[in-house]
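Fold and contact review
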Amino acid sequence: MEKQEGRDAAAVRTDDPWYDALASGWGELDGTGTPTTPVAPAPVAATEHEPRAAEIYLEVQRSAAFQEVRSRYRRFVVPATLAFLAWYLAYVVAATTAPELMARPVAGAVNVAMVAGLGQFLSTFLLTWAYSRHARLHRDRDALDLRWSVFDRTRAQEQHRTREHDRTREQHGPPERRETQHRHTARAGERR
Amino acid sequence: MSGDHQTLALLLFSAFVAVTLGITTWVGRDRHGSAEEFYTGGRLFSPMENGFAIAGDYMSAASFLGISGLIALFGYDGMLYSVGFLVAWLVVLLLVAELVRNCGRFTLADVVAARMRERPVRIAAGTSSVAVSVLYLVAQMVGAGSLVALLLGGTSEAARSWTVIGVGALMVVYVTLGGMRATTWIQIVKAVLLMAGTVALTVFVLLRFHGDFNALLTTAAERSGHGKEFLSPGLAYGGGWTARFDFISLGLALVLGTAGLPHILSRFYTVPTARAARRSVVWSIGLIGGFYLMTIVLGFGAAAVVGTDEVRASSAAGNTAVPLLALDLGGGAGSTGGTVLFAVVAAVAFATILAVVAGITLASSASVAHDLYASLKRPRRAGKPHARSHATPHPKPSAKSRAKPRGEVAVARFAAAGIGAVAIALGLLARDLNVAFLVGLAFAVAASANLPVLLYSLFWRNFTTRGAVWSVYGGLVPAVLLVVFSPVVSGSPGAMFPGVDFHVFPLQNPGLVSIPLGFLAGWIGTVLSREPADEAKHAESEVRSLTGAGAV
């Protein structure tokens, strides 16, 4: 059913994909019954000629909250990557340089090489579990908060600009209300 | 072999084609023709759906036919593929999936171009993506050819060629009609079929040996004619130092290549958020891990049940080990069980090839249309329309902005046909090489050309445009050249052109040399840049990649 919703939403989209985000069916449940994060509007991304938008990102990047999210991510990912790459390379190199060691029997026909190979499978599964648990518990919430803070700032900036725009040409009624509502429901869903 | 299993297999396969074509038309019935829809299916797949689709995209004919075949021929050395193909997913999960989902729109080049001068970076990344895709496609085509040769009994040259052409034509139909939505559903259907078929065969193998894995290994070792050596490393890559370095080179390419495969990267754009991208990778690691564990059983099972010599007699590269195993497990040639099982396996393998081919074709056509065409055609437009930052949240789309994605999708459809034609031609040339081995080459090129630029632009503050361009070409050119001048192409009995000899590079897999070169070139290019890295753009790209702010 969320597909249907998405398709309807797509119907009102403009054809510039950066704009699609505004109209996509956010906040609904995705197929597995988890609320999906609503998609912040894309205007943010166009910073080449928007010094103020770029400032927002620089500010956020320097904020303590972002630094914390980044260092949590890196503190997990860097050692984990080094560890599994080292373990994998050791496995490959050992197979070619120490075949006698690898051929040593462990139990019946199963030898060290076989155990090491299956160990690679096991370590991959374990690390996958550990990483997704770490991300879920220690990163997702803060990252989402940051996402909203960027959203809020760009929104405020945009409203400000819209107002100035309207002052000169009075034909645009700002249709933000609908979106703000969307945003709040979506936010409530995510925080549940 | 009798004609029964051929007829049955053809019937089953036709059913698969009919069902998938049905899906293609059904999901494409009210398509809007937007680029968003064509490349990402509207970004509304669930993590589980996408996880199955990723697994479907990844578990190619190379895995199902090639790896089991290599294990049946060389025993333990074939296992490296299984391990490498799986461990590679940790690179994707930890370093790539979420960040790419947050930063990009359709392709690998989007992620890099967000920080850099757009045009040169897009052209470079687009070129390398297409190169990787074409190499990968060739492997699938070869798989299709060797499968049909077995299916239709004799090794009729014409039949093989026509199959390769037919597969190519069908996949072009899928991609052009259905875009990402249809391709994804085909992957999901295929992943379910492939897992079911593999589980069934594994259970049959284990039943044959009464659940005794030890007995399976012992019998495999006995019937391989190599004894205990069959179960320990060194049979395929145990020769001199060249063979050892080849093994390490392959191992490196396998583990680093996955994260640079364009058709895998483009799958992360089909889910709404980075969190969903992560969860789809977790799903796919579960599926893929289980699958590769089973291919190990199937490979040793083929050696134990069919016998290494018989596998080699059927296909020198080992690509037909699993279908032969199925025939034997069902009761042997001529029996009903054997016929049915063989037909099922052949149809599943064929479906696998078709689905993977569709996925790669879609991804590479996206690179052609979104990166290459968009940059070369409109050099001054710099891709991203400035209009999107304007004040009104819902501007009326101008005629120009409406025309752009439509034109791009049309180009993508043509590109799909063109890439299909190139892959068919190369597939006919390369048909005697092992499928898993060919995929190893594609992985080496992906790891050399795509991975360095991706990791640098996600993690290195000072990375510049020049560094990006250099790292792509600095990995791509050596990788391709080393393949051309390797024993794979000339100068060995099993080469593409066995008649001539212009090989100067001793290794079959270029990864050991070209992957470090790609990283090195990116570093040198950055150090030698005249312009410093854009701090604001780096901030934007870092904040976006880790938080999802501003993501589409």
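What you see as residue numbers is a count from 1 along each chain, following the sequence as written. Each chain is given a letter, starting from A, and each ligand a number, starting from 1, according to the order in which they appear as written. The model is predicted, so local features are restricted to residues of pLDDT at least 70 and side-chain atom pairs to those at 80 or more, both for listing and for counting; the totals for chains, interfaces and linings are taken over all residues.

You'll find chain B entered in an unreviewed UniProt entry as Cation acetate symporter, with Streptomyces camponoticapitis given as the organism. UniProt positions are given in the numbering used here, feature names are shortened, and annotations may be inferred rather than shown by experiment. Per its UniProt entry, chain B bears the Sequence similarities (unreviewed entry) comment "Belongs to the sodium:solute symporter (SSF) (TC 2.A.21) family." According to UniProt, the comment filed for chain B under the heading Subcellular location (unreviewed entry) is "Cell membrane".

In the nomenclature of an unreviewed UniProt entry, chain A is known as Membrane protein of Streptomyces camponoticapitis.

Moving on: the overall build of chain A. Starting at the N terminus, helices and strands are each numbered in turn, a helix being any DSSP run of H or I of at least four residues and a strand any DSSP run of E of at least two. Along chain A, the regular secondary structure elements total 8 helices and 2 strands. Reading chain A from its N end, one meets helices and strands in the order α-α-α-α-α-β-β-α-α-α. Whether a residue is buried, exposed or partly exposed follows from its count of other C-beta atoms within 10 Å of its own C-beta, namely 20 or more, 12 or fewer, or something in between, respectively; the C-beta atoms are built from the backbone. Relative to its 192 residues, chain A shows a buried fraction of 34%. Distance between backbone-placed C-beta atoms decides contact: two residues are in contact if it is within 7 Å. Taking all contacts inside chain A whose residues are at least 6 apart in sequence as the whole, residues at least 24 apart take part in 54%.

Let's shift gears to the nonpolar core. Among the nonpolar cores identified, the biggest contains 219 residues, and Ala302, Leu325, Ala347, Ala442 and Val445 of chain B are the most heavily contacted of them. Among the elements that take part in this core, helix α15 (residues 336–377) of chain B stands out by supplying 26 residues, more than any other. The contacts of Ala347 of chain B, once residues within four sequence positions are left out, are Ala9, Leu12, Phe13 and Phe16 of chain B. Residues Val69 and Leu144 of chain A together with Val543 and Leu546 of chain B belong to the second largest nonpolar core, which totals 16 residues. A set of buried Ala, Val, Leu, Ile, Met, Phe, Trp, Tyr and Cys residues, joined to one another through C-beta atoms within 7 Å, is what we call a nonpolar core.

Residue and element names in this part refer to chain B. Expected span, for any helix, means 1.5 Å times one less than how many residues it has. For helix α20 (residues 511–527), spanning 17 residues, the distance from its first C-alpha to its last is 24 Å, which sits close to the expected 24 Å at 1.5 Å a residue. When we look at burial in α20, the residues that qualify are Gly511, Ser514, Ile515, Leu517, Gly518, Ala521, Gly522, Gly525 and Thr526. Viewed along the axis of α20, the buried residues span an arc of 160 degrees, placing them on a single side of the element. It is the directions from the helix axis to the C-beta atoms whose arc is reported.

Further remarks concern the UniProt feature "transmembrane region" (unreviewed entry) in chain A. Residue and element names in this part refer to chain A. As annotated in UniProt, the feature "transmembrane region" (unreviewed entry) corresponds to residues 76–94 and 106–131 in the numbering used here. With 100% helix and 0% strand, the stretch residues 76–94 has end C-alpha atoms that lie 27 Å from each other. Secondary structure over residues 106–131 splits into 77% helix and 15% strand, and the C-alpha atoms at its two ends are 31 Å apart.

Our focus in this paragraph is unusual backbone geometry. Residue and element names in this part refer to chain B. Unusually for a residue other than glycine, Arg43 sits at a positive phi of about 60 degrees. You can see Arg43 is positioned in the loop between α2 (35–40) and α3 (47–58). At His210, a residue that is not glycine, the phi angle is positive and equals roughly 55 degrees. The topology assignment puts His210 in the loop between α8 (157–208) and α9 (213–224).

Time to look at the packing of helix α18 (residues 451–459) of chain B against α20 of chain B. Residue and element names in this part refer to chain B. Two numbers describe how α18 lies on α20: the axes approach to 8 Å, and their chain directions differ by 45 degrees. In terms of their interaxial angle, α18 and α20 are classed as oblique. Pair α18 / α20 crosses with right-handed handedness. In this structure, α18 uses Pro452, Val453 and Tyr456 to contact α20, whose residues at the interface are Gly518, Phe519 and Gly522. Classification convention: Asp, Glu, Lys, Arg as charged; Ala, Val, Leu, Ile, Met, Phe, Trp, Tyr, Cys, Pro as nonpolar; all other residues, Gly among them, as polar. Tallied by class, residues from the contact of α18 with α20 come to 4 nonpolar, 2 polar and no charged. Convention adopted: a line fitted to C-alpha atoms gives each axis, helices being fitted over their contacting stretch, and angles between N-to-C directions are expressed from 0 to 180 degrees. By the definition adopted for this analysis, an angle is roughly parallel if under 35 degrees, roughly antiparallel if over 145, roughly perpendicular if from 65 to 115, and oblique otherwise. Crossing handedness is read from the near helix: turned anticlockwise from the far helix by less than a right angle, it gives a left-handed crossing, and turned clockwise, a right-handed one.

Residue and element names in this part refer to chain B. Across the interface, helix α12 (residues 274–305) lies against helix α14 (residues 321–329) with an axial gap of 9 Å and an inter-helix angle of 60 degrees. By the angle between their directions, the pair α12 and α14 is classed as oblique. Read as a crossing pair, α12 and α14 show a hand that is left-handed. Here Leu298, Gly299, Gly301, Ala302 and Val305 of α12 lie close against α14, whose contacting residues are Ala321, Val322, Leu324, Leu325, Asp328 and Leu329. Its residues assigned to classes, the contact of α12 with α14 shows 8 nonpolar, 2 polar and 1 charged.

Attention now goes to the environment of Leu10 of chain B. Note on placement: Leu10 of chain B falls in helix α1 (residues 4–27). Along the primary structure Leu10 of chain B and Val543 of chain B are separated by 533 residues, whereas in three dimensions their C-alpha atoms are 52 Å apart.

All names here are of chain B. As for its placement among the helices and strands, Pro510 is situated in the loop between α19 (465–484) and α20. Sequence-wise, Pro510 and Ser448 are 62 residues apart; in three dimensions their C-alpha atoms are separated by 9.1 Å. Apart from residues no more than four positions distant in its own chain, Pro510 is found in contact with Ala444, Pro478, Ala479, Leu482, Val483 and Ser486.

The residue Arg105 of chain B is located in the loop between α5 (76–103) and α6 (108–113) in this model. With 25 C-beta atoms packed within 10 Å, Arg105 of chain B lands in the buried category.

A word on α12 of chain B. Residue and element names in this part refer to chain B. In this model α12 runs 45 Å from its N-terminal to its C-terminal C-alpha over 32 residues, within 8% of the 46 Å that 1.5 Å per residue would give. α12 sits mainly inside the fold: 28 of its 32 residues count as buried. One or two steps after α12, the chain reaches Gly307, where phi turns positive at roughly 100 degrees.

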